[in-house]
Amino acid sequence: MTRLEGGPDLSGPLAFVDRFARGIDVLSRWVIVVMMAAMAILVSLQVFFRYALNSSIDFADEASRFFFVAAIFLALPHGIRRGVHVGIDLFVNMMPRGLHTVLFRISAAASAVLMIVILWTGAIATADKWNELMPTLPVSAGLYYLPVLFTGFHGFLHLVVLAVGGPACMTTESET
Amino acid sequence: QTTLRVAGNFPVEHTASGAMEIFKERVEELTGGELVVQNFPAMQLGGANENVDQVRSGAIFAVFTSIAYFTRTVPELEAVSLPFLFESRDKAFEVMDGPVGTLMDEKLLEEGFVNLGYMELGFRHATNNVRPITSAEDFAGLRIRLQPNEVHLDTFRALGANPQAMDVSELYSALQQGVLDGQENPYNIISTRRFNEVQTYLSDTGHFFDFINVVANRDAFGRLSPEHQEAVRTAMREAVEWQRKEAAALDLKFRDELIAAGMEFHAITPEARAGMREATMGIAEALKSRVDPAVIDMVLAESVE
Amino acid sequence: MIWLVLAVFGFLAVIGMPLAFALGFAGLAGLQSIGFELVILPQRMLFAVNSFPLMAIPLFMLAGELMVKAGVMDRLITFANSLVGRVHGGIANVAVIAGMVLAAVTGAAVASASALGSTLVPSMRKHYPDSYSSAVIASAANLGPVIPPSNAMIVYALMAGSSVSVGGMFMAGVVPGIILTLGFMGLASFISWRRGYTLTGDPVTLRNVLTQTRRALIILLMPIIVVGGIVGGIFTATEGAAIACVYGAFIGFFVTGQLKLADLPGCLFRAAVTASMVGALIAFASVVTFVFTIEMLPMKLTNAVQALTADPLIFTLLVMLMLIVVGMLVESNAAYIMLVPLFAPLAISYGLDPLYFGFLFMFNLVIGMMTPPVGVLLFVMSGITRVPMGKLIVEVWPFVLLQFGVLILCLLVPELVLWLPRVMGF
Ligand code: NA
Ligand code: NA
């Protein structure tokens, strides 16, 4: 059994999914930190190269965009249970609590469907592009799609917890 | 009734977009409306990279764009992007309509693309804000924006310039603000993107000749009946023929417009061009590490014949 | 098809689904109904986000995170306090001035609101009710996207294409930003005086002003380097944002010494998560845009609007009215992404200056961040101070009205917007 902060006791398969999603949270957090740092450093270095060394790093644009895409899509699922992704809660707040919960579950379930479609079609897009190389780096351009696909997977896990567990599974912990 | 969706990154007024309108009319005529073509020029369905992905996945039927977007899938295409390769556009098309083109088409087919034809994007010319370019030495130290392509970057490095990769969407303001000294593009693009407003000197360096190819999804093309396939091929031949004539005629018109708009124009003499070719001789050899040397030798042989 | 997409989106949005996901789901329904392969979904998501100019957004967020950890808020507040502490609504004015300086070094209102809120509310609480403090801080934070650098301007310029440059937009915001700052200070003082809030702060002395200015100089220099560098053509907006991060880290490590290596992972991660909110909207909205493009919506809309009026002023007014409604209901980033590609070309066809129209468009949606029911800044402030939305709205409306007043002023006197960009050569 997993005890959520201020949330319900999860048990059985749901607790497993939740633990799994949180395990991925920990891993993905570190990847995001590295990607963000690499992006900031590479873009700054490009300016330094241009003015101080009067030259440029050919792959800087390419690589920094890759780090950016990776950071954004890997970070997207982290915002789901923190309520980072804004919505209109004016109308639901006027509804009775029971209905509110039902609508919350419907919306989480629909989002989970969206995520599973992203995972599935993202895998297809990755495979399709695998033979193409990035313009200035000798690595597959299919790598670009991996973070998108991963958003689908990671986001799906969190949304399943929300759809089954209800609003109480939204986390109240701070953003770090 | 089958709908063929075709995407491209050139503006509506560009000859390539015009050619695709001719293609549409002719296909619909030839198939009695059994095939319907929907054109989406001007990046309506996203940039060229994305369009290529859409074709590869079969989400749309075809894309028309610079062959540069296929060189990382079919590296052999880089052989026809070598600097100072073609003396004239006629020579360029002669090569692409011959055995070299057939070879490229086969390579594209292996990657799931049916090539339907080559149109003219044009000779690329350099502009800048520092000094007139009249010889290879004048490139020294210029910060010039190039497409992110190794052959292109190496060429300008060999000429002594300081090449920078930057998205074309940022280019205008980068030139305006002096982040970069110059850029290189066909006259048509220089004019339609209004780079003349932020650039002083123009030279007809003609360092690369760029092709536009129209590429369809192999499976989607294969699903068409043989008669429909033939109709698509025929319509495209006519469209390509029209485009090549039109583009050739417009090229000088665009150059003259740039001059009329105030750009200072300098023609490159044959001796100066020879000097630039000399300076970039090593590029073809270097490319042999990434592309089958036989293909490069074949292109080099065909282009001087 | 357009109606199906709108209906699905509307329904999901009303039942409280995050707007980004509601857009994605509606886009999915649209793709399905026009018979497109769903692989368009990941392709659109990737390519919509995969852009160098857009990278300025997480970088400016990171710069903000670093500066807060570096302890710049403390210096900013003492600096503002030395200038305007001893007037009616003194500490409210301090919040506005701190908000203005913070706006000149960071790009987002939400980040400013949490930085200002968490540092200022405790001392404001001694003199004002939380609802009033929240309204003042939300307004001060809303200077963030008006005064450069500005993520909202970056998104606008990106969606509008080559007709509007980021540097030009940045310069357009300076004069209106100053007018807004003065307006907020006047309004805050007036309300404090009317309600008889106690006078706060130390008397203003030249000596104190000089001391505090010297302490704050390292922060006040930053907009000159970052915004000046972007506008002056030393680097692009994205590069400027990276330089801002380097500068922020430099302040934190070597000037204040408050930033520690152990803080960095948290800063990097929070910046990514906040930026992913904008990224998710851009990614999913682009799927809807794709469906609309296939269905020729831009053309249909253009024809409909042009049939309605040929007068550029009436067109502008109609767009402004529409944006007030949109600003109430839709998160602003989602609105830029869906509407700018449609309206920026339309404005040009009416002969309007792209920069003028662009600034009004953006400013209107910026005000929308403070209008209920979807007002991101109201959510943030209510989160910090625990003031219920209803009470907050009562306090916020004079500040919202003031902003609309400045918007109308800019609409009637285009020079306020265009003078500085023209002088700077945009
Ligand atoms: Na700002
Ligand atoms: Na609002």
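A quick note: this is a predicted structure, and the numbers were derived from the prediction, not measured. The written sequence of each chain sets the order in which its residues are numbered from 1. A letter from A marks each chain and a number from 1 marks each ligand, given out in the order of writing. Only residues with pLDDT of 70 or above have their local features reported here, since the model is predicted, and side-chain atom pairs are shown and tallied only from 80 upward, although totals for entire chains, interfaces and linings are computed over all residues. The basis for every side-chain value is the complete set of non-hydrogen atoms in the structure, without hydrogens or water.

### Examining the overall build of chain B
What counts, and what does not: Under the DSSP-based scheme used, a helix requires at least four consecutive residues in state H or I and a strand at least two consecutive residues in state E, with every element numbered from the N terminus. Throughout, radius of gyration means the C-alpha value; the globule benchmark is 2.2 Å times the number of residues raised to the power 0.38. A 1.4 Å probe rolled over the protein chains alone gives each residue an accessible area, and that area as a share of the maximum for its type sets the label: buried under 20%, exposed over 50%, partly exposed in between. In this analysis, two residues are considered to be in contact whenever any of their non-hydrogen atoms come within 4.5 Å of each other. Positive charges come from Lys and Arg, negative ones from Asp and Glu, while His and the chain ends are left out of the count. A charge is said to be at NZ when it belongs to Lys, at CZ for Arg, at CG for Asp and at CD for Glu.
What chain B contains, in helices and strands, is twelve helices and ten strands. Its C-alpha atoms give chain B a radius of gyration of 19 Å, near enough to 19 Å, the size a compact globule of 305 residues would have. With respect to the principal axes defined by its C-alpha atoms, chain B has extents near 55 × 40 × 30 Å. Counting across all 305 residues of chain B, residues that qualify as buried make up 60%. When contacts within chain B are restricted to residue pairs at least 6 apart in sequence, long-range pairs at least 24 apart make up 75% of them. Here chain B contributes 27 positively and 47 negatively charged side chains, and the mean placements of these two sets differ by 2 Å.

### A few points about the packing of helix H2 (residues 60–80) of chain A against helix H14 (residues 264–294) of chain C
Where we set the bar: Lines fitted to C-alpha atoms define the axes here, with helix axes fitted over just the stretch in contact, and angles between the N-to-C directions of these axes take values from 0 to 180 degrees. Here the word oblique covers every angle except those under 35 degrees (roughly parallel), over 145 (roughly antiparallel) and from 65 to 115 (roughly perpendicular). Basically, the charged four are Asp, Glu, Lys and Arg, the nonpolar ten are Ala, Val, Leu, Ile, Met, Phe, Trp, Tyr, Cys and Pro, and anything else, Gly included, counts as polar.
Running from N to C, H2 of chain A and H14 of chain C cross one another at 95°; their axes reach a closest spacing of 7 Å. Viewed along their axes, H2 of chain A and H14 of chain C adopt a mutual orientation that is roughly perpendicular. The segment H2 of chain A lies against H14 of chain C, with Ala-71, Ile-72, Phe-73, Ala-75, Leu-76, His-78 and Gly-79 of chain A engaging Phe-269, Ala-272, Val-273, Ala-275, Ser-276, Gly-279, Ala-280 and Ala-283 of chain C. Each residue belonging to the contact of H2 of chain A with H14 of chain C can be placed in one class, and the counts come to eleven nonpolar, four polar and no charged.

### A look at the UniProt feature "transmembrane region" (unreviewed entry) in chain A
Residue and element names in this part refer to chain A. Put simply, the rule reads: UniProt positions are given in the numbering used here, feature names are shortened, and annotations may be inferred rather than shown by experiment.
As annotated in UniProt, the feature "transmembrane region" (unreviewed entry) corresponds to residues 30–51, 63–81, 102–123 and 143–164 in the numbering used here. From the first C-alpha to the last, residues 30–51 spans 32 Å; its make-up is 100% helix and 0% strand. Along residues 143–164, the helical share is 91% and the strand share 0%, with 33 Å between the first and last C-alpha atoms.

### Digging into the nonpolar core
The following threshold applies: Only buried residues count toward a nonpolar core. Its members are Ala, Val, Leu, Ile, Met, Phe, Trp, Tyr and Cys residues joined through side-chain atoms within 4.5 Å.
With 285 residues, the main nonpolar core has Phe-211 of chain B together with Tyr-156, Phe-284, Phe-315, Tyr-336 and Phe-361 of chain C as its most contacted residues. Considering each element in turn, this core owes the most residues, 21 residues, to H14 of chain C. Excluding residues within four positions of it along the chain, Phe-284 of chain C makes contact with Leu-114, Met-115 and Ile-118 of chain A together with Ala-20, Phe-21, Leu-23, Gly-24 and Met-45 of chain C. Core analysis: the next-biggest nonpolar cluster, separate from the first, contains 29 residues, Val-6, Ala-19, Ala-220 and Val-240 of chain B among them.

### Brief notes about helix H3 (residues 40–49) of chain C
Most of H3 of chain C sits out of view: ten of its ten residues are buried. Every buried residue of H3 of chain C is accounted for by Ile-40, Leu-41, Pro-42, Gln-43, Arg-44, Met-45, Leu-46, Phe-47, Ala-48 and Val-49 of chain C. Each element contacted by the buried residues of H3 of chain C is listed here: H2, helix H4 (97–129) and helix H5 (145–165) of chain A, helix H2 (48–56) of chain B together with helix H2 (19–33) and H14 of chain C.

### Section: the coordination of the sodium ion (ligand 1)
Residue and element names in this part refer to chain C. In plain terms, the rule: Donor atoms are limited to N, O and S found within 2.8 Å of the metal ion, a distance that becomes 3.2 Å for Na, K and Ca. With water left out, some sites might look partial.
Every protein donor of the sodium ion (ligand 1) is accounted for by Ala-103 (O), Thr-106 (O), Gly-144 (O), Ile-147 (O) and Pro-149 (O), and the metal-donor separations fall at 2.2 to 2.4 Å. The motif formed by the donor residues of the sodium ion (ligand 1), counted along the single chain, is A-x2-T-x37-G-x2-I-x1-P. Taken together, the residues Thr-106 in the loop between helix H6 (90–105) and helix H7 (109–124) and Gly-144 in the loop between helix H8 (130–141) and helix H9 (151–160) connect sequence positions 38 residues apart. As far as burial versus exposure is concerned, Thr-106 and Gly-144 are alike and both buried.

### Section: the interface of chain B and chain A
What counts here: The term buried area denotes the loss of accessible surface (1.4 Å probe radius) that occurs when two parts are joined, taken as the sum for both partners. Here, a salt bridge means any side-chain nitrogen of Lys or Arg that lies within 4 Å of a carboxyl oxygen of Asp or Glu. What qualifies as a polar contact is a pair of N or O atoms within 3.5 Å, subject to a donor-acceptor requirement within protein and to the restriction that residues adjacent in sequence count only when both atoms come from side chains.
Between chain B and chain A, the contact holds 16 residues from the first and 18 residues from the second. Interface area for chain B against chain A, summed over the two sides, is near 1700 Å², with a carbon-plus-sulfur share of 37%. In terms of surface lost to chain A, no three residues of chain B exceed Asp-53, Arg-56 and Arg-72 of chain B, which account for 33% of the buried area on that side. Between chain B and chain A we count three salt bridges in total. Connecting chain B to chain A are eleven residue pairs in polar contact (both at pLDDT 80 or more). When residues of the side of chain B that touches chain A are traced back to their parent elements, those giving at least two are H2, helix H5 (150–158) and strand S6 (162–165) of chain B. With four residues, S6 of chain B is the single largest residue contributor to the side of chain B that touches chain A. Taken together, the residues of the side of chain B that touches chain A sort by class into five nonpolar, five polar and six charged.

### Observations regarding the interface of chain A and chain C
Facing the 57 residues of chain A at the interface are 57 residues of chain C. In total, chain A and chain C occlude about 5100 Å² of area from one another, counting both sides; carbon and sulfur atoms represent 81% of this. Counting across the chain A and chain C interface gives one salt bridge. In this structure, the salt-bridge partner of Glu-239 of chain C is Arg-50 of chain A, at a minimum N-O distance of 2.8 Å. For the interface between chain A and chain C, the tally reads four residue pairs in polar contact (both at pLDDT 80 or more). Of all the secondary structure elements, the ones that give two or more residues to the side of chain A that touches chain C are helix H1 (12–52), H2, helix H3 (90–94), H4 and H5 of chain A. Among the elements that line the side of chain A that touches chain C, the one with the most residues is H4 of chain A, at 15 residues.

### Observations concerning the packing of aromatic side chains
To describe a pair of aromatic rings, one takes the distance between the centres and the angle between the planes. The following threshold applies: Any two of the Phe, Tyr and Trp rings considered here, Trp counted by its six-membered ring, make a pair once their centres fall within 6.5 Å; the pair's planes then place it as stacked at under 30 degrees, edge-to-face at over 60, or tilted in between. Whether a charge sits over a ring comes down to the Lys NZ or Arg CZ being within 6 Å of the ring centre and within 35 degrees of the ring normal.
According to the stated counting rule, one finds 30 aromatic pairs over all chains in the structure shown. Between Phe-21 of chain C and Phe-284 of chain C, the aromatic rings sit 5.8 Å apart at their centres with planes inclined by 85°, giving edge-to-face as the arrangement. Pair noted here: Phe-21 of chain C is in helix H2 and Phe-284 of chain C is in helix H14, with a separation of 263 residues, a long-range link. One exposure class covers both Phe-21 of chain C and Phe-284 of chain C, and it is buried. An aromatic cluster is built from Phe-86, Phe-93, Tyr-118, Phe-123, Phe-209 and Phe-211 of chain B, whose rings are joined through pairwise contacts. The ring of Phe-269 of chain C has Arg-29 of chain A lying over it, and the distance from NZ or CZ to the ring centre is 5.0 Å. Between Arg-194 of chain B and the ring centre of Tyr-172 of chain B, over which it is positioned, the NZ or CZ distance is 5.3 Å.

### As for the pattern of salt bridges
Under the defined criterion, the tally for this structure stands at 38 salt bridges over all chains. Residue Arg-26 of chain B pairs with Glu-29 of chain B through a salt bridge whose shortest N-O separation is 2.5 Å. With Arg-26 of chain B and Glu-29 of chain B both in helix H1 (residues 15–30) and three residues apart, this pair spans about one turn of that helix. Given a relative accessible area of 53%, Glu-29 of chain B falls into the exposed group. In this structure, Lys-91 of chain B engages Glu-94 of chain B in a salt bridge whose closest nitrogen and oxygen atoms are separated by 3.3 Å. A residue pair is termed a helical-turn pair when its members lie 3 or 4 positions apart in one helix, as Lys-91 of chain B and Glu-94 of chain B do in helix H3 (residues 89–96) at three residues. Residue classification places Lys-91 of chain B among the buried positions, given a relative accessible area of 12%. Bridged by salt links that share partners, the residues Lys-129 and Glu-132 of chain A together with Asp-53 and Arg-56 of chain B form one connected network.

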